[in-house]
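Chain residues, written in single-letter form:
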Amino acid sequence: MTDIKVKNEFLPIDTAAPLLAVQDLKVEFRTANGVAKAVNGANFRLAEGETLAILGESGCGKSVTAQAIMGILDTPPGFVTGGEVRYRGVDLLKLKEDQRRQVRANRIAMIFQDALSALNPVFTVGFQLGELFRKHRGMSRADAKKRAIDLLEQVKIPAARQRINEYPHQFSGGMRQRVMIAMALALDPEVLIADEPTTALDVTVQAQIMNLLAEVQRERNMGLILITHDMGVVADVADRISVMYAGRVVEEAPVYDIYARPAHPYTKALLESIPRVDLKGQQLSVIKGLPPTLTNIPPGCPFAARCRYARDVCRQDPAPPAYQVTHSRTARCHFWKEVAGVE
C-alpha cells in the first residue's frame, strides 16, 4: 500500500491491485425521448504496460465508457447509475470532484477523437501545453515553455521550438493529433485512453500515430485503452480486445484468440466484414439490420435480431451471462461453442 496526495488529502493506493478495473459500469442518458441505456454493465481490467482495445460499432458505448472513467460526462443528461471504476483499488466514482480532477490530470489522461475541437483555437499550442505545468506543477512560464518544447520533440513534431508559438489551425491533422498526445503525456499518467485517435487521418498518418503511441507506451510502461471501430488498427498493437455491443462487453479475449477463433456471433460478423485481398471479386459480407435503440433495448441478447445463430432462448430475459470460454476469455453467447467451432 502507498498513498497519492490529492489537494491536502491522501488516497490509499494499493499497488497490488489492478491498474484499472471497471466493474458492472452503467451509464444512462435521460432525454425527452426516454432513458437511453448507453452502458449496461461493462466489465474489463487493464494492467501496467498492457494495451486493451475496446471495439464496436458507433453508438455501442465505447466513448461513453471512457468519459465515465475520466469523469467528464455531461450531467445532465448523462448519469452513472451503477458500478465501479477502480484505479489502484480506489473507486473513482466515489471521489469528490476536486479529488477526481487531480487524479484525472495526473494519473489518467485521454486523447480525444477530434483534436481540432479539443484544442482551444484562440491560444497557441505552447500556451495550452504550458498551462498544464503551471497549474499542476507550479512552474514558471519560462520553465513550462521549456517542458512544452520537450514534449513536442518527444512526439516528433519538427521545429518544435518555432511551432510552439503557432495556433492549432496551423497544424495538419496528424500534427494536431501529436499535440494531443503530448498534452495527454505531460503529467506522466499511468493510464492513457485514446478515443479513435486515427479517425479522419490517411492510412500513412494512421500508422505513424499508432507507432508513436506504442513507442511512448513502451518507454513509460503505461496502460493503454484504445477505443476504435477498426479491427485492422488493433491487430498489431493490442494485447487484449473487449468487443462492445449495445452497451455491453459481449466478448473479451487476447487479441490472437479473437482473430483466430471468435466466440461471439457479433465478433465473428465483424471479422467477416473486413475486406480481404484473397477474396477479391467476391461479395463483401455485411451485418444485416441495425443495433437496437438504446431507449428500447429488447429482452435477452441485444444482438439476437441480427444473429444467424439466434434461437428462442436468445430473445428471452435474462441476457446471456459472460461464459468463461477459457481462463482468459469470456463471451456472452449461449451458443459460443457452436460459434467458435469447438465441442
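Scroll up to find the structure.
All of these numbers come straight from a predicted model, not from anything done at the bench.

What counts as what
- Residues numbered from 1 in each chain as written.
- Predicted model: local features only at pLDDT ≥ 70, side-chain atom pairs only at ≥ 80, totals over all residues.
- Heavy atoms only, no water.
- 1 Å grid on protein atoms, 1.4 Å probe; cavity = no way out; pocket = protein on both sides within 12 Å on 5 of 7 lines; lining within 4 Å.
- Points joined across faces, edges and corners; volume = space filled by probe spheres on them.
- Nonpolar A, V, L, I, M, F, W, Y, C, P; charged D, E, K, R; others polar.
- Helix = DSSP H or I, 4+ residues; strand = E, 2+ residues; numbered from the N terminus.
- Core = buried A, V, L, I, M, F, W, Y, C linked by side-chain atoms within 4.5 Å.
- Buried < 20%, exposed > 50% of the residue type's maximum accessible area, 1.4 Å probe, protein only.
- Contact = heavy atoms within 4.5 Å.
- Pairing = 2+ DSSP bridges.
- Axes fitted to C-alpha atoms, helices over the stretch in contact; angles between N-to-C directions.
- Parallel < 35°, antiparallel > 145°, perpendicular 65-115°, else oblique.
- Left-handed = near helix turned anticlockwise from the far one by under 90°.
- Polar contact = N/O pair within 3.5 Å; in protein donor to acceptor, adjacent residues only side chain to side chain.

Applying the stated criterion to the full structure yields 2 cavities of 30 Å³ or more. Of the volumes computed, that of the largest cavity is approximately 70 Å³. Together, 13 residues line the largest cavity, and P265, C301, C307, C314 and C333 are the ones closest to its centre. Grouping the amino acids of the lining of the largest cavity by side-chain chemistry returns 10 nonpolar, 2 polar and 1 charged. The calculated volume of the second largest cavity comes to roughly 30 Å³. Lining of the second largest cavity is provided by R248, V250, H264, C301, P302, A319, P320 and R332. Looking at side-chain class alone, the lining of the second largest cavity contains 5 nonpolar, 1 polar and 2 charged residues.

Moving on to the layout of surface pockets. Approximately 610 Å³ is the volume attributed to the largest pocket. Around the largest pocket sit 21 residues that line it, and A105, M110, F112, L132 and M183 are the ones nearest its centre. For the lining of the largest pocket, the elements supplying multiple residues, two or more each, are α2 (97-106), β8 (108-111), α4 (125-136) and α7 (173-185). Top element by residues in the lining of the largest pocket is α4. It accounts for 5 residues. When grouped by side-chain class, the residues that make up the lining of the largest pocket number 14 nonpolar, 3 polar and 4 charged.

The next subject is the nonpolar core. In globular proteins that are soluble, nonpolar side chains generally tend to be buried together. By size, the foremost hydrophobic cluster in this structure holds 72 residues, and its most contacted members are I111, L152, I181, L192, L213, I241 and Y266. In terms of residue count, α7 provides more of this core than any other element does, 7 residues in total. When neighbours within four sequence positions are excluded, I111 is seen to be in contact with Q177, M180, I181, A184, L192, I193, A194, D195 and L213. Counting residues in each nonpolar core, the second largest holds 38 residues, with A66, M110, I193 and I225 among its members.

Let us look at the sheet that holds strand β7 (residues 90-91). Sheet architecture is open: 4 strands sit in the order β4-β3-β6-β7, paired in antiparallel fashion. Each edge of the sheet is formed by a strand with only one pairing partner; in this case those strands are β4 (34-46) and β7. The pairing of strand β3 (residues 20-31) with β4 spans 10 bridges and is classified as antiparallel. Bridge assignment links V27 to a residue of β4, and that residue is V39. Most of the contacts of helix α1 (residues 62-70) go to β3, to which it runs at about 110°, and overall it touches β3, β4 and β6 (78-87).

With that settled, the discussion passes to the packing of α4 against α7. To characterise two packed helices, one gives the angle between the axes of the helices and the distance between these axes. Here α4 crosses α7 at 15°, and the two axes come no closer than 9 Å. Relative to α7, the element α4 is oriented roughly parallel. Seen along the crossing, α4 lies across α7 with a hand that is right-handed. Side by side, α4 and α7 meet where V125, Q128, L129 and L132 of the first sit next to V179, A182 and M183 of the second. Looking at the contact of α4 with α7 residue by residue, the classes come out as 6 nonpolar, 1 polar and no charged.

What follows concerns the environment of V22. Relative to the helices and strands, V22 resides in strand β3. The contacts of V22, once residues within four sequence positions are left out, are A42, N43, F44, I69 and E84.

For the rest of this paragraph, the subject is the environment of T51. Along the chain, T51 falls in strand β5 (residues 51-55). For T51, a relative accessible area of 2% corresponds to the buried category. When the C-alpha positions of T51 and G300 are compared, they lie 31 Å apart, and in sequence the two are 249 residues distant. The residues touching T51, leaving out its near neighbours within four places in the chain, are Q217, L224, V237, A238, D239 and R240. Within polar-contact distance, the side chain of T51 engages the side chain of Q217 at 2.9 Å.

This part is about the packing of α7 against helix α8 (residues 203-220). Interaxial distance between α7 and α8 falls to 10 Å at its minimum, and their mutual angle equals 15°. Relative to α8, α7 is oriented roughly parallel. Remark: the crossing between α7 and α8 carries right-handed chirality. Where α7 abuts α8, its residues G174, Q177, R178, I181 and L185 lie against V205, Q208, I209, L212, L213, V216 and R220. Of the residues assigned to the contact of α7 with α8, the class counts are 7 nonpolar, 3 polar and 2 charged.

Take the sheet that holds strand β9 (residues 191-195) next. Pairing within the open sheet is mixed, and its 8 strands lie in the order β8-β9-β10-β5-β11-β12-β14-β13. Of all the strands in the sheet, just β8 and β13 (323-326) have a single pairing partner and so form its edges. Here the strands of the sheet are splayed against their neighbours by 25° on average, with no regard to which way each runs. When β13 meets strand β14 (residues 329-331), the two strands line up antiparallel, connected through 3 bridges. By the bridge assignment, Y323 is partnered in β14 with A331. Of the strands in this sheet, β5, β8, β9, β10 (223-228) and β11 (240-245) are in contact with α1, which crosses β10 at around 145°.

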